[in-house]
Amino acid sequence: MKMKVFLLVAICVGLTAATNLSSYCRANFPVSCPHPEYSSWYKVGGYCVKYFVTPLNFSDAEFSCRKEAVGKGAHLVSVHSEEANKNIICITMKYNHTSPRVWLGGFELFKSEKFVWIDGSEWNYNPWVPGQPDNTENTEDCVEINWKNTGMWNDDKCSEGKSYICEFKD
Ligand SMILES: [Ca+2]
Ligand SMILES: [Ca+2]
């Protein structure tokens, strides 16, 4: 009986969170990138960003980003504020409700326990899932969003294939 009540509460809390998120995203969905040739990209913070569904490992995803916007200095996305993080969630949910885990451009620099952004920007915001980064089996060096807790970050194996989000500085 206790378990049933617990499950019901858990489901309600989950649904409320999902509803809050979808209403947030409806009201605050990022506008298109202000460059005609990149109108399928969205403006997030000082960047134009785009979601790519085809799963790639972290390095291949980074190289794919560089090719998607040649000459723009494109990379996997860096995230520097709660608002930008929410925008990233909204974009991800628009394109993929069922498997929203995506690569961001963060990685651990040579087992230093220090995380950096592949675009070289400052590491100044990191909403980790509680208990993360945990470097499971000493093999997790790359940063994903939406594992276990929507909008929060986890270190995972860089060789895993995931959808990803690219950016270039606007
Ligand atoms: Ca690690
Ligand atoms: Ca982890």
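Here, every reference points to the structure presented above.
Residues numbered from 1 in each chain as written. Chains lettered and ligands numbered in written order. Predicted model: local features only at pLDDT ≥ 70, side-chain atom pairs only at ≥ 80, totals over all residues. Heavy atoms only, no water.

**Details of the coordination of the calcium ion (ligand 1)**
As a benchmark, a tetrahedral metal site with four donors has ideal angles of 109.5 degrees, while an octahedral site with six donors has ideal angles of 90 or 180 degrees. The following threshold applies: Nitrogen, oxygen and sulfur within 2.8 Å of a metal are treated as its donors, or within 3.2 Å for sodium, potassium and calcium (Na, K, Ca); water is not counted, so a site can appear incomplete. Categorising residues by exposure relies on relative accessible area from a 1.4 Å probe, with only protein chains included: less than 20% of the type maximum marks a residue as buried, more than 50% marks it as exposed, and the intermediate range marks it as partly exposed.
Distances from the calcium ion (ligand 1) to its protein donors, Glu 108 (OE), Asn 135 (OD1), Glu 140 (O) and Asp 141 (OD), fall within 2.0 to 2.5 Å. For the calcium ion (ligand 1), all donor residues lie on one chain, and their spacing in sequence is E-x26-N-x4-E-D. Residue Asn 135 is classed as partly exposed on the basis of its relative accessible area of 22%.

**Here we look at unusual backbone geometry**
Here is the rule: A run of H or I in DSSP counts as a helix once it spans at least four residues, and a run of E counts as a strand once it spans at least two, with each numbered from the N terminus.
In this model, Gln 132 is joined to Pro 133 through a cis peptide bond whose omega is 0 degrees. A positive phi is found at Glu 137, a non-glycine position, where the angle reads about 55 degrees. Inspection of the secondary structure assignment puts Glu 137 in the loop between β5 (115-117) and β6 (142-145). Even without a glycine there, the phi angle at Asn 146 is positive, about 80 degrees. Considering the arrangement of structural elements, one finds Asn 146 in the loop between β6 and β7 (153-156).

**Details of the environment of Ala 61**
Mapped onto the fold, Ala 61 is located in helix α2 (residues 58-68). Using a relative accessible area of 0% as the deciding quantity, one classes Ala 61 as buried. Distance in space between the C-alpha atoms of Ala 61 and Cys 166 is 8.4 Å, their sequence separation being 105 residues.

**Observations concerning the pairing of strand β8 (residues 162-169)**
For clarity, the threshold we go by: The pairing criterion for strands is at least two bridges between them, as found by DSSP.
Counted residue by residue, β8 has seven buried out of eight residues, so it is predominantly covered. In the sheet, strand β2 (residues 47-56) pairs with β8 via seven bridges, with the strands oriented antiparallel. Its bridge partner being in β8, Cys 48 is matched across the sheet by Phe 168. Both strand β3 (residues 75-76) and β8 contribute to a ladder of two bridges, which runs antiparallel. Bridge pairing in β8 places Leu 76 opposite Cys 166.

**Focus on the state of the cysteines**
By definition, a disulfide links two cysteine residues through a covalent bond between their sulfur atoms. Short version of the rule: Disulfides are defined in this document as cysteine sulfur pairs within 2.5 Å.
In the structure shown here, the tally under the stated rule is four disulfides. Bridging Cys 25 to Cys 90, the disulfide has an S-S length of 2.1 Å. Disulfide Cys 25-Cys 90: the torsion about the S-S bond is -85 degrees, which places it as left-handed. Of this pair, Cys 25 sits in helix α1 (residues 2-28) while Cys 90 sits in helix α3 (residues 82-95), and the two are 65 residues apart along the sequence. Here Cys 65 engages in a disulfide with Cys 166; their sulfurs sit 2.1 Å apart. Looking along the S-S bond of the Cys 65-Cys 166 disulfide, the torsion reads about -80 degrees, which is the left-handed sense. Taken together, the residues span a long stretch of sequence, with Cys 65 in helix α2 and Cys 166 in strand β8 at a distance of 101 residues. The connectivity of the disulfide-linked cysteines in the protein chain, indexed sequentially, is 1-5, 2-3, 4-8, 6-7.

**Quick look at the coordination of the calcium ion (ligand 2)**
Surrounding the calcium ion (ligand 2) are the protein donor atoms Gln 132 (OE1), Asp 134 (OD), Glu 140 (OE), Asn 154 (OD1), Asp 155 (O) and Asp 155 (OD), which sit 2.2 to 2.4 Å from the metal. Donor residues for the calcium ion (ligand 2), ordered by position in the chain, follow Q-x1-D-x5-E-x13-N-D. Here Gln 132 is found in the loop between β5 and β6, whereas its partner Asp 155 is found in strand β7, with 23 residues between them in sequence.

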